[in-house]
Amino acid sequence: FVNNGASSFYGSTEYYYPDLTLTGKKAVGATVSIYFGNTLKATTVTDENGNWRFDNFDAKRYPAGNYTLKLTDKDQRTAKDVPVKIKDTLAPVVETKLYKFKQGTTTALKNPKNDSISKIEDETTASGNHTVTYELTEEERLKIISTLGYYEVSVKVADEAGNVTRVLAPVIVHDGNVPST
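Everything numeric here is computed off the predicted structure, so don't read it as measured data. (Residues numbered from 1 in each chain as written. Predicted model: local features only at pLDDT ≥ 70, side-chain atom pairs only at ≥ 80, totals over all residues. Heavy atoms only, no water.)

A. Local environment of the pairing of strand E12 (residues 149–158). Direction of pairing for strand E11 (residues 131–134) relative to E12: antiparallel, over a ladder of 4 bridges. By the bridge assignment, Tyr134 is partnered in E12 with Val155. Across 10 bridges, the pairing between E12 and strand E13 (residues 164–174) is antiparallel. When the bridges of E13 are listed, Val155 appears paired with Val167. Linkage of E12 to E13, two consecutive antiparallel strands, is achieved through a turn of 5 residues, within which Gly162 is found at a positive phi near 90°. (Pairing = 2+ DSSP bridges. Helix = DSSP H or I, 4+ residues; strand = E, 2+ residues; numbered from the N terminus.)

Structure follows, in structure tokens:
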């Protein structure tokens, strides 16, 4: 497994005899490529010790999923493909917006995705598939909707992999005279 929040991904090479014992010889100058399906994502070349490395491992370029590592040496011999699973470990990036409503609005603070969130960025979970909830009890919600003032309400946003971001969303409860911001 490789976490999609990793900054690099690396390994080493060594030749095998047909009986699968190691030869002690490294694959120097070999090309190592990583594919997502049939799409080539990146290529690197092994160093004098047979080591390879992908740096700048960007989560947007390498979203979570199943990849394949392919190696071709200088003599164009290929190694058996190596499956690589990139695991989603990055929480969504969330932006809030000011939510204003009239005191006593009984439907207030029930739909955080529409009322309090302006943007969710996530490299793996499709837009609209995040779980978004206010983190307050019904008693706390009823107290807020019945009392004029400014509040910051906790909102929890989870992606399909279970990564969570919590943000404080601004809320203004007004008396009908909507305050300008």
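There's more to say after this.
B. Quick look at the sheet that holds strand E4 (residues 39–45). Ordered in space as E1-E7-E6-E3-E4, the 5 strands form an open sheet in which the pairing is mixed. Looking along the sheet, the strands with just one partner apiece sit at the ends: strand E1 (2–3) and E4. For strand E3 (residues 31–36) and strand E6 (residues 65–72), the ladder comprises 5 bridges, and the chain directions are antiparallel. Its bridge partner being in E6, Thr31 is matched across the sheet by Thr72.

C. Representation of the pattern of salt bridges within the structure. Scanning the model with the defined rule gives 8 salt bridges in all. The closest approach of N and O atoms between Lys26 and Glu14, which form a salt bridge, is 3.3 Å. Of this pair, Lys26 sits in the loop between strand E2 (8–12) and E3 while Glu14 sits in the loop between E2 and E3, and the two are 12 residues apart along the sequence. Given the relative accessible area of 25%, Glu14 is considered partly exposed. A salt bridge links Arg166 to Glu135, with the nearest nitrogen and oxygen atoms 2.9 Å apart. Linking Arg166 in strand E13 with Glu135 in the loop between E11 and helix H2 (138–145), this pair joins segments that are 31 residues apart in sequence. (Salt bridge = Lys/Arg side-chain N within 4 Å of Asp/Glu carboxyl O. Buried < 20%, exposed > 50% of the residue type's maximum accessible area, 1.4 Å probe, protein only.)

D. Geometry of the packing of aromatic side chains. Evaluation of the coordinates by the stated rule reveals 5 aromatic pairs. Plain terms: the ring middles of Phe36 and Tyr67 are 4.7 Å apart, the flat faces sit at 40° to each other, and that makes the pair tilted. Taken together, the residues Phe36 in strand E3 and Tyr67 in strand E6 connect sequence positions 31 residues apart. Among the residues examined, Tyr67 registers a relative accessible area of 2% and is labelled buried. A network of ring pairs unites the aromatic residues Phe9, Trp52 and Phe54 as a single cluster. Just above the ring of Tyr35 sits the side chain of Lys70; from NZ or CZ to the centre is 5.3 Å. (Phe/Tyr/Trp six-rings, centres within 6.5 Å; stacked < 30°, edge-to-face > 60°. Lys NZ or Arg CZ within 6 Å of the ring centre and 35° of its normal.)

E. Spotlight on the environment of Asn49. Its location among the elements puts Asn49 in the loop between E4 and strand E5 (51–55). For the pair Asn49 and Lys25, spaced 24 residues apart in sequence, the C-alpha to C-alpha distance is 9.1 Å.

F. Region of the structure containing the environment of Asn51. Here Asn51 shows up in strand E5. For the pair Asn51 and Thr13, spaced 38 residues apart in the sequence, the C-alpha separation amounts to 6.2 Å. Leaving out residues up to four positions away in the same chain, Asn51 has contacts with Gly11, Ser12, Val45 and Thr46. (Contact = heavy atoms within 4.5 Å.)

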